[in-house]
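# Chains, contacts and geometry: an overview
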Amino acid sequence: MKIQYLNGGLANQVFQYVFVRYAEINHPGEEPWFFDDSFFFLNEVHNGFELEKVFGLKLNLLSRSLDEDVWQELLTNKRRGISIPQSFKDLGFSMMMITEFDNYKEHNPFDGEVYHIPGNVFLPEITNINSDYIYYHGYWLHRGWFDACREVIEKELTFPEITDQRNRLYMDQILQTESVAVHVRRGDYVKIGWTSQNEFYNKAIKDILVDYPNVELFVFSDDIEWCRENEEALGFSRAKNVVYVEGNTEGKNYIDLQLMSLCKLMVIGKSAFSYLAMLLNDRVERCIVDQ
C-alpha cells in the first residue's frame, strides 16, 4: 500500500497527483496508490480540496476507501497529534516514510523508518521501493515527473470551459496579442520572505521588450492592488498596455491558472501556481522564472 500526502492549494495538489500518476503509469499492474486527504478535514486554507472540482478527477482518497468509523478514528488521532502514518504503524503495519522536507515533523510526525531525499528533484527510483506500506510526504515540484507522463497528464488536467463574459474577454485579449503572463505571489509569502523582488520583474520585462517590443502584460496576483500601486517599481509601466486580471477568487482562482497557461510569454515568481501554469502552457515561446 502506497499513500501520498495531499495538502496545500490547487497547484500543490496537482504536483502531488502528477507524482502518483507517474508511479502508476510506470508500474502497471501494481496496486493503486491512495491519497491521504486528512489535511482538508482539519484545515481551512486556500479553497480546500480542488482536484476533483476543477478537473473532474476521481482519486483513491483514504476518506472514501476506509470504513467511516475507521476514518473518523484516524481523524481523531490526528487532532491529538498522531498522524495517519503513525496510526498505521501503531496498529502494527510495517509503515515507512519517504520525505522531501523536515516539515513532515509538523504535518505528519512519525517515529518509524524515515528516508530523506533532496527537495524538488526528479528521483524515479523512489517509486520502485518494495515495501508493504510506504507513506510519501512531498510536493514533487520538478518538471521531470510531469514531462515523463505529459501526454497522459495533459488529457487528465482539462480545465472547464470559460463561460463568463469577463474571463472570455481576458482570454480573447490574451490569444489575440503578444501576451505576457506576469504572476506576483504575495499573501503568506510576504510574511515568510519568499516573495520575488521588484528587481526580478523589472529586469525580466525589460529583457522581454528587447525581442518583443509590442507585448501586453496580463498581471495575475493575490494582491492586485499592491501590483497597481507598485507598477513603476515592478517595471510594468514599460509595456504599452497592462491588464490587471481581477475577480477570480472564492473558488475561481483556477481560472487565473487557466488564463496564464494561454499566454505567449511568461514572467513567473516563486510560486507553484505559476510554475504549473508554465508546464500546462503549450503556446509559450519564452518564460523567465525567478530562481
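Our subject is the structure that appears above.
Below is a short write-up of the structure. (Residues numbered from 1 in each chain as written. Predicted model: local features only at pLDDT ≥ 70, side-chain atom pairs only at ≥ 80, totals over all residues. Heavy atoms only, no water.)

### Describing the side chain of glutamine 13
For glutamine 13, the location among the structural elements is in helix α1 (residues 10–26). Glutamine 13 sits in the buried class, given a relative accessible area of 0%. At 3.0 Å, the side chain of glutamine 13 forms a polar contact with the backbone oxygen of glycine 8. Setting aside its immediate chain neighbours within four residues, glutamine 13 contacts Leu6, Asn7, Gly8, Phe40, Gly48, Phe49, Glu50 and Leu51. (Helix = DSSP H or I, 4+ residues; strand = E, 2+ residues; numbered from the N terminus. Buried < 20%, exposed > 50% of the residue type's maximum accessible area, 1.4 Å probe, protein only. Polar contact = N/O pair within 3.5 Å; in protein donor to acceptor, adjacent residues only side chain to side chain. Contact = heavy atoms within 4.5 Å.)

### With respect to the sheet that holds strand β3 (residues 95–99)
Pairing within the open sheet is parallel, and its five strands lie in the order β2-β1-β5-β3-β4. The open sheet has two edge strands, β2 (34–36) and β4 (113–116), and neither has a second partner. Neighbour-to-neighbour, the strand axes of the sheet open up by a mean angle of 25°, direction not taken into account. Note that β3 and strand β5 (residues 133–137) share five bridges and pair parallel. When the bridges of β5 are listed, threonine 99 appears paired with histidine 137. (Pairing = 2+ DSSP bridges. Axes fitted to C-alpha atoms, helices over the stretch in contact; angles between N-to-C directions.)

### With respect to the side chain of serine 179
Relative to the helices and strands, serine 179 is located in strand β6 (residues 179–184). In this structure serine 179 touches Ile174, Glu216, Phe218, Cys263, Lys264 and Leu265, once residues within four positions along its chain are discounted.

### Considering the layout of surface pockets
Space inside the largest pocket adds up to approximately 1,500 Å³. Lining of the largest pocket is provided by 46 residues; of these, Arg185, Tyr189, Ser271, Ala272 and Phe273 occupy positions nearest its centre. Residue assignment for the lining of the largest pocket shows that the elements contributing at least two residues are α1, α11 (188–192), β7 (216–221) and α16 (272–280). Residues that form the lining of the largest pocket fall into these classes: 18 nonpolar, 19 polar and nine charged. (1 Å grid on protein atoms, 1.4 Å probe; cavity = no way out; pocket = protein on both sides within 12 Å on 5 of 7 lines; lining within 4 Å. Points joined across faces, edges and corners; volume = space filled by probe spheres on them. Nonpolar A, V, L, I, M, F, W, Y, C, P; charged D, E, K, R; others polar.)

### Quick word on the sheet that holds strand β8 (residues 241–244)
Spatial ordering of the open sheet is given by β8-β7-β6-β9-β10, a layout of five strands whose pairing is parallel. Because the sheet does not close on itself, it has two edges, and the strands there are β8 and β10 (286–289). Taking the axes of each pair of neighbouring strands and ignoring which way they run, one obtains an average angle of 15° across the sheet. Of the strands in this sheet, β6, β7 and β8 are in contact with helix α10 (residues 165–176), which crosses β7 at around 135°.

Remember that the coordinates give geometry; whether it matters functionally is a separate question.
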